[in-house]
Amino acid sequence: QVQLVESGGGLVQAGGSLTLSCAASGRTFITYVMNWIRQAPGKEREFVAAVSRSGLTTDYADSVKGRFTISRDNAMNTVRLRMNSLKPEDTAVYYCAALRGGWGTQRSNDYVYWGQGTQVTVSS
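First, a word on scope: everything that follows refers to the structure included in this document.

**A few points about the state of the cysteines**
Covalent bonding between the sulfur atoms of two cysteines defines a disulfide. This model, assessed by the stated rule, comprises 1 disulfide. Two residues share a disulfide in this structure: Cys-22 and Cys-96, whose sulfurs sit 2.0 Å from each other. In this structure the cystine formed by Cys-22 and Cys-96 twists about its S-S bond by roughly 45°; its chirality is therefore right-handed. Here Cys-96 lies in strand S9 (residues 92–99) and Cys-22 lies in strand S3 (residues 18–25), a separation of 74 residues in the sequence. Both residues of the pair, Cys-22 and Cys-96, belong to the buried class.

Structural data, given as structure tokens:
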């Protein structure tokens, strides 16, 4: 069992930055590929970024590539998402989630655990 708690969301102006954190409980955290996903009102859940179990490999949606950076610290059971050059279209509830499968399936939208989410609002 893994419990995930996100933090760090807020209101920021376009062009600004935020860092989201996800604190995980449970000794099996290291066994999961970890994702950040987001959902805007009226839209489907969207893949944002993924980090492999080791933290050495990452994957990003085209819409955030070059602006967002995902990282993990397995000793501290945390996953972070550094978001730079934020745009109004980045406004959404952001969730961290533990992927059911291994690397290669990080865009499958199949998660075994996810948190309660943190709101990110980018004003124009």
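**A look at the packing of aromatic side chains**
Inspection of the entire model under this criterion finds 1 aromatic pair. With a centroid separation of 5.7 Å and an interplanar angle of 85°, the aromatic rings of Tyr-32 and Tyr-113 are classed as edge-to-face. Here Tyr-32, found in the loop between S3 and strand S4 (34–39), pairs with Tyr-113, found in strand S10 (residues 111–114); they are 81 residues apart in sequence, far enough to count as distant. Tyr-32 gets classed as buried once you look at its relative accessible area, which sits at 16%. The ring of Phe-29 is capped by Arg-72, whose NZ or CZ atom sits 4.5 Å from the centre of that ring.

**Remarks on the sheet that holds strand S7 (residues 68–73)**
Across the sheet, which stays open at both edges, the 4 strands sit in the order S1-S3-S8-S7 with antiparallel pairing between neighbours. A strand with exactly one partner marks an edge of an open sheet, and here the two such strands are strand S1 (3–7) and S7. Each strand of the sheet is rotated relative to its neighbour by a mean of 15°, with strand direction disregarded. Note that S1 and S3 share 5 bridges and pair antiparallel. Paired with Leu-4 across the strands is Ala-24, a residue of S3.

**Things to note about the side chain of Asn-77**
The residue Asn-77 is located in the loop between S7 and strand S8 (78–83) in this model. Engagement of the side chain of Asn-77 in a polar contact is seen with the backbone oxygen of Gly-26, the distance being 3.2 Å. Setting aside residues no more than four positions away along its own chain, Asn-77 makes contact with Cys-22, Ala-23, Ala-24, Ser-25, Gly-26 and Phe-29.

**A word on unusual backbone geometry**
The residue Asn-77 is not glycine, and still its phi comes out positive at about 55°. A positive phi angle, near 60°, is found at Asn-109, a position not held by glycine. Using a relative accessible area of 35% as the deciding quantity, one classes Asn-109 as partly exposed.

Calculation rules
Residues numbered from 1 in each chain as written. Predicted model: local features only at pLDDT ≥ 70, side-chain atom pairs only at ≥ 80, totals over all residues. Heavy atoms only, no water. Disulfide = S-S within 2.5 Å. Helix = DSSP H or I, 4+ residues; strand = E, 2+ residues; numbered from the N terminus. Buried < 20%, exposed > 50% of the residue type's maximum accessible area, 1.4 Å probe, protein only. Phe/Tyr/Trp six-rings, centres within 6.5 Å; stacked < 30°, edge-to-face > 60°. Lys NZ or Arg CZ within 6 Å of the ring centre and 35° of its normal. Pairing = 2+ DSSP bridges. Axes fitted to C-alpha atoms, helices over the stretch in contact; angles between N-to-C directions. Polar contact = N/O pair within 3.5 Å; in protein donor to acceptor, adjacent residues only side chain to side chain. Contact = heavy atoms within 4.5 Å.

By themselves, these are just geometric observations and shouldn't be taken as functional.
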